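Breakdown of the fold
Next come the chains, spelled out residue by residue.
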Amino acid sequence: MNPFEYASADSLDDAVALLREKKGRVRVIAGGTDLIPQMKSGVAEPERLVDLKGIPGLDRVEISAGGLRLGTLVPLTEIASHPGIRESHAALAQGASAAASPQIRNAGTLGGNLCQRPRCWYFRNEDFHCRKKGGSECFALEGENKYHAIFGGDDCCIVHPSDTAPALVACEAEATLRSPRGERRVPLADFFVLPSVDVRWENILAKDEILVSVFAPSPPPGTRASYTKIRERASFDFALASVAAVLTFEGATCTRARIVLGGVAPIPWPCPAAESVLVGHALDDALIAHASNAALEGAAPLSKNRYKVSLTRGIIRRALANLNASKEGT
Amino acid sequence: MLPLMANILGPGKVPLTLEINARRVEVSAEPRATLLEILRDHLDLTGTKNVCEMGECGACTVHLDGVARYACLTLAVEAVGRRVTTIEGLSSANGTLHPLQQAFVEKDGLQCGFCTPGQVMAAAALLAENPSPSHDEIRAAMAGNICRCGAYPKIFEAVAEAAARMKSARQD
Amino acid sequence: MAKKTKLKLGFPGHFKQVAVSLPAGDPVPWEFDADLKVVGKRVPRVDGPDKVSGKARYTFDLRLPGMLHAAVLRCPHPHARLRRIDTSKAKAHPEVRAVLVMEEKEYRFAGAEVAAVAATTLAAARQALGLIEVQYEKLPFVTDPDLARRPGAPKVRTEGNVEVSLETRRGSVETAFREADAVVELTIRTPVALHTCLEGHGSLARWEGDLLTVWDSTQAVFDVRDSLARALKHPPENVRIIKDHAGGGFGSKLQMWSQTPIAARLAKLAGAPVRLLLSRHEDFLCTGNRHSSVQTLKLGASRDGTFKAISWRAYGTGGIEGGAETSRAVDGLYRFPNLEVHEENVYTHAGPACPMRAPGHVQGVVALEAAIDTLSEKLGLDPLEVRLKNDPSEIRKAELSVGAERIGWSRRGPSGSNPGARKRGLGVAGTTWDGSGLPGPEVEVSIGAGGEVTATCGTQDIGTGTRTILAQVVAEELGISAAEVTVRLGDSYFPYSILSGGSLTAASVTPAARAAAAKARASLLRFASKELGDKLEDLECSDHQIRVRGSNRSLSWEHMAQDTPSGRLSFKAERQGNFAGFEPAAAGCQFAEVEVDTDTGEVRVVKVVAVHDSGRILNPLLWESQVNGGVIQGISFALLEQRVIDHRYGTVLNADMETYKVLGALEVPEIEIIPFPVAAGFNNTQVIGIGEPAIIPTAAAVANAVANALGVRIGELPITPDRVLGALESHAKGRR
Ligand SMILES: Cc1cc2nc3c(=O)[nH]c(=O)nc-3n(C[C@H](O)[C@H](O)[C@H](O)COP(=O)(O)OP(=O)(O)OC[C@H]3O[C@@H](n4cnc5c(N)ncnc54)[C@H](O)[C@@H]3O)c2cc1C
């Protein structure tokens, strides 16, 4: 790790002001579970860290009739185990509990999980000056790309590593951001950007901008949600593929569907084609198969990740069937 | 709108006051020093092991305000004002082993022993929060601690045994 | 003079009198059902309390006053020559105390040592590495063994990249295949695996005049002493290697690696102790691995399943080191009247291989057992019956029957017959390993002026429990408890011992301990008999005294020790050569049940039944731990582990513990361990090591269970979701 100065902010104003200096070579530290490995492997070499943990209120969970507001510092462990969240936003709770290991979930925060950098083994290796680091090549495109993207990865085929992001996007969450220029709110789906938009950074945050909180509206009655994640090692591992599915039923009919994939694209990957197959219908095996096929249309697997196509199709099918069955059970 | 300069530490060495195993200690370290480095290199508390340095193995598990954390992913400055407990602080001052440590010995929940302090600390955090964990809860709580020797089955047994003993001790 | 006698060897139902020639002066082996008080008991690890409380100091935990920290500059290229190096800026760094440039100027893998620095802090040492100016001449390289075999591939060694390592023929395989009723051929690939001991490789070196002491994380203090003495051209008697506790080894610490001489040289240059601890990343690149394999087996049998012939053609790569054999287990496991083996080492520009827990056997058994299942399928026979028919070991045949019962083998359906997306399957595999021990180790048992008993030996405890079993054996002989024996080990100034590996330690060291303790006992009895005037046969040894039976007269050990000029009685004995045994090697087998999810490709091991003979089980508690460890590492190898190199650049991509995946708590299946005690012979404790046997069959049994579940053979380990889904897809295409 390179030497850096450490600044503990006690207000958001303070934090964004601290971020403005040092020509952008400043990083926010929340739980540090991703930032510290980034610094140890030379991916990040900030001159200053701004610690958010001294800012009051950023670790708050607020549940109201309108929805769920989570401060950026809420630990993953709390999201995973919070009875209210498990009740209202099951996919998010499941996503948080499927992320990393118990100790990392204790330290790791929601904001850090959403803003973590990709795990691509070329990006994380100092020997490869890849496109994401300002180089001219994506080494994975024709290299060891078993863990890489099958969607949206033409320029840089990382996958977004977060397990909470697909769940929150499926919950139609909105992010609140704060910079010296003030506050802005964006749908979380628009927070993440493809490498074709910005190959160097995975989200729209400016260098002096902070993710403050995330708001997920309460789902309509009759909503069932889940997060399904497949990994090589259950104990702790990033997703080979995952799916957040949020379905609303009126009687037997699916009236609203959100299907968002993880582990297959540089951003949480929405599946509008699959969603529209479902909406307006009672689900049966044939329709579910149709929807999961539709979700994988346009997939562009690389030399070593063809399997992600059938894997993803398989888990979408399973997730939809389970949600449909759980609806019938109620 | 200039931030308070007093808030900024480093990049050179700064004095840090830490509370480790219920003792106040003063160290001088750069902000980039991890808690793991401080424990091992400054305080000679070498029970907390350094294996991967990247949060991928669990051998450096300690408690921060009673919660299990990887010391390799915690900066020492972040631990200021918080209670740090290491494996050395788990047994009582007179050296009597914690019931978990005792159960690890009796059930042979260890082989080479290098991951053991981390395993014990992960288990201790579990039992503090959930005194009667199910078998599945034990496994889930131990998922962040790699044991290359493969002592897992006996680790699970040891944790279950310690939970049972601590429970009956509380009832006495 | 050796004593010719007959011993009752074997196991219940299969005992026989075997003529043996017992080494002179060695205690007579304990009988199979001897009534032992300490040996064979579940004695907790004697170093357990120190390990659970964090008190145990490993090499990585040691510091010395004035100690410097070292870091190594490594070549980033898989093959390069040094053009120019300038260390002046590093030397000028205020905290740097020594800089060393390696003698070797051609680097044959990414990670090879170029230079090293010792400084007052590790951060400074690392910073100074960045101040060294180096220019490399990049040379052509090859890291893919398939490419390395091609003519014209860049050369790793002047002799060429391919070396025939094993060539055997027996009978005529061609004729036998022609005459066989069924012949199958298949190719199995296994990856390069990494030992991943949690304590990596590290050394702390200190010079005091000409005396060099190195605290080294090793499995072999004497071997490191000799290698280091040779490397430094320093007399071995002036080199002392110490290793108190070791955080695993699994074969990767059997030899000296470069960190040891580097630390010693830097310490000499700097005139201060130097500690060099490799990072996880360095450890994964430079300190050994399990070689890969590509094995093509052809197996023929008659209609009833009797094997007629096997052809075994294999190659593998251990990077810049050779030693890629896989077929060593073949004759120990099954009878093949006709056999042909051709094995090749392929040299590549990658980090060196070294032994890893049952080297070659783990890989070879995967292929052999796969071939047997494939053949059984073709013949329409139960693969267990086929094994029983061809197994030369009475022990393993009995074990197979026990294990089949415990796993519920009768439930096993035809391969691929399971309906639904989640399919269950059963598999079995065998193990053979000669862990009967070697002569040479010496143990000293002493009784001090306070009556305290100490056993001293330069062996190592790498987590296998050597300390504890030595204490037990000495305690047994002297009539005390294991806790009353202090064991000192891990020091080349102690009596000689062999390396701790190959399942050799228990069987090589405990017989010497027993012999030394027996000497102590005999001598105490003789001394007491003289002193007390009682006949030897009226005396007994227990409770730290020699007592006269049926009286209250006794003489304490303490008293006898104080009566000597040194105040200490000491007895040394050496491990003698092996005598005859019941069967040539330890036998075992494992059964695995798996569940494969055909939608996701996930494989879950549900249960493993492990049945193992290891002669006398000295301590069931620790023995079970060894078996658990073998099974768990075996599953890890079967399902998770593989080093990944980008062959375009020769760079290892997963030299960390997130992407090099080893098994964690949630992947552990139910493991049912069935000890199969045998009066084995060989040595006076009749113990055979269990470390390697326990891992050998696991991956093979798991792979066979997966094939049974799917009806499709995954020809490459590890069996990861991508491979399962890929195999299912091509299978479905093939059928269409
Ligand atoms: C071994 C390992 C396994 C893991 N497995 C998984 C997994 O399976 N699934 C998964 O989802 N994650 C996984 N992770 C990632 C882990 O969940 C994240 O490290 C964690 O959630 C990040 O939270 P943090 O608070 O520690 O973030 P930090 O490390 O503090 O920050 C991470 C990044 O986000 C930035 N950041 C943090 N907060 C803000 C903010 N409020 N505004 C702007 N920027 C911010 C930081 O500058 C930094 O770049 C794993 C990590 C490790 C080390």
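Residues numbered from 1 in each chain as written. Chains lettered and ligands numbered in written order. Predicted model: local features only at pLDDT ≥ 70, side-chain atom pairs only at ≥ 80, totals over all residues. Heavy atoms only, no water.

With respect to the overall build of chain C
- Secondary structure assignment for chain C yields 18 helices and 30 strands.
- Taking 27 Å as the expected radius of gyration for a compact globule of 736 residues, we find that chain C reaches 28 Å, a close match to that expectation.
- With the C-alpha coordinates of chain C rotated into their principal frame, the extents come out at 90 × 75 × 45 Å.
- In chain C, which comprises 736 residues, the share counted as buried stands at 65%.
- Contacts in chain C between residues at least 24 apart in sequence constitute 79% of all its contacts with a sequence separation of at least 6.
- In the form shown here, chain C has an accessible surface area of approximately 25500 Å², with 50% of it arising from carbon and sulfur atoms.
- Across chain C, 87 positive and 87 negative side-chain charges occur, with their mean positions spaced 2 Å apart. (Helix = DSSP H or I, 4+ residues; strand = E, 2+ residues; numbered from the N terminus. Rg over C-alpha atoms; globule rule 2.2 N^0.38 Å. Buried < 20%, exposed > 50% of the residue type's maximum accessible area, 1.4 Å probe, protein only. Contact = heavy atoms within 4.5 Å. Areas by Shrake-Rupley, 256 points an atom, 1.4 Å probe, with all protein chains shown as cover. Lys, Arg positive; Asp, Glu negative; His and termini not counted. Charge placed at Lys NZ, Arg CZ, Asp CG, Glu CD.)

Quick word on the domain arrangement of chain C
Residues and elements named next belong to chain C.
- The domain architecture assigned to chain C consists of domain 1 (66-143), domain 2 (393-436 + 582-735) and domain 3 (437-574).
- Centre-to-centre separation of domain 2 and domain 3, based on C-alpha positions: 40 Å.
- Taken together, the 18 residues of domain 2 in the interface contact 18 residues of domain 3.
- Across the domain 2 to domain 3 interface the summed buried area is about 1200 Å²; carbon plus sulfur atoms make up 54%.
- Interface area lost by domain 2 to domain 3 is led by Leu618, Leu622 and Asn684, which between them contribute 37%.
- Linking domain 2 to domain 3 there are 0 salt bridges. (Domains from an automatic or database assignment. Buried area = accessible area lost by both parts, 1.4 Å probe. Salt bridge = Lys/Arg side-chain N within 4 Å of Asp/Glu carboxyl O.)

Focus on the sheet that holds strand S15 (residues 293-301) of chain C
All names here are of chain C.
- One open sheet accounts for 5 strands, arranged S9-S17-S16-S15-S10; its pairing is mixed. On the outer flanks of this sheet lie strand S9 (162-170) and strand S10 (182-190), each paired with one strand and no other. Recorded for the sheet is a direction-independent mean angle of 5° between the axes of neighbouring strands. (Pairing = 2+ DSSP bridges. Axes fitted to C-alpha atoms, helices over the stretch in contact; angles between N-to-C directions.)

Considering the packing of aromatic side chains
- Under the criterion given, the structure shown has 19 aromatic pairs over all chains.
- Relative to A:Phe128, the ring of A:Tyr122 lies with its centre 4.9 Å away and its plane at 85°, an arrangement referred to as edge-to-face.
- Overall, A:Tyr122 belongs to the buried group, its relative accessible area being 1%.
- Given a relative accessible area of 3%, A:Phe128 falls into the buried group.
- Ring plane angle 75° and centroid distance 5.6 Å describe the contact between C:Trp409 and C:Phe591, whose orientation is recorded as edge-to-face. Separated by 182 residues along the polypeptide, C:Trp409 in the loop between helix H12 (394-407) and strand S18 (422-433) and C:Phe591 in strand S26 (residues 586-597) bring together distant segments of the chain.
- Three or more aromatic residues joined by ring pairs make a cluster, and in this case those are A:Tyr122, A:Phe128, A:Phe139 and C:Tyr649.
- Taking the ring centre of C:Phe15 as reference, the NZ or CZ of C:Lys8 above it sits at 4.5 Å.
- Over the ring of C:Trp207 we find C:Lys268, and its NZ or CZ is 4.1 Å from the ring centre. (Phe/Tyr/Trp six-rings, centres within 6.5 Å; stacked < 30°, edge-to-face > 60°. Lys NZ or Arg CZ within 6 Å of the ring centre and 35° of its normal.)

Some remarks on the interface of chain C and chain B
- In this assembly, 52 residues from chain C lie in contact with 44 residues from chain B.
- Interface area for chain C against chain B, summed over the two sides, is near 3800 Å², with a carbon-plus-sulfur share of 57%.
- Broken down residue by residue, the surface that chain C buries against chain B is led by C:Val52, C:Leu198 and C:Ala665, which jointly contribute 19%.
- With its nearest N and O atoms 2.8 Å apart, the salt bridge here joins C:Asp61 to B:Arg40.
- Applying the counting criterion to the chain C and chain B interface returns 24 residue pairs in polar contact (both at pLDDT 80 or more).
- Residue composition of the side of chain C that touches chain B, by class: 23 nonpolar, 15 polar and 14 charged. (Polar contact = N/O pair within 3.5 Å; in protein donor to acceptor, adjacent residues only side chain to side chain. Nonpolar A, V, L, I, M, F, W, Y, C, P; charged D, E, K, R; others polar.)

Describing the sheet that holds strand S14 (residues 274-277) of chain C
Residues and elements named next belong to chain C.
- The 7 strands lie next to each other as S5-S7-S3-S14-S11-S12-S13, forming an open sheet whose pairing is mixed. In this open sheet, the two strands that pair with only one neighbour each are strand S5 (96-101) and strand S13 (239-242). Going from strand to strand, the sheet's axes swing by 20° on average, the running direction of each strand aside.
- The pairing of strand S3 (residues 68-74) with strand S7 (residues 113-119) spans 6 bridges and is classified as antiparallel. Following the sheet pairing, alanine 70 is matched in S7 by alanine 118.
- The strands touched by helix H6 (residues 221-232) are strand S11 (202-208), strand S12 (211-216) and S13; relative to S13, the strand with the most contacts, the crossing angle is about 140°.

With respect to empty space enclosed by the protein
- Taken as a whole and assessed by the stated rule, the structure comprises 12 cavities of 30 Å³ or more.
- Together, 23 residues line the largest cavity, and A:Arg119, A:Tyr147, A:Val159, A:Phe238 and C:Glu658 are the ones closest to its centre.
- Here the residues of the lining of the largest cavity sort into 11 nonpolar, 7 polar and 5 charged. (1 Å grid on protein atoms, 1.4 Å probe; cavity = no way out; pocket = protein on both sides within 12 Å on 5 of 7 lines; lining within 4 Å. Points joined across faces, edges and corners; volume = space filled by probe spheres on them.)

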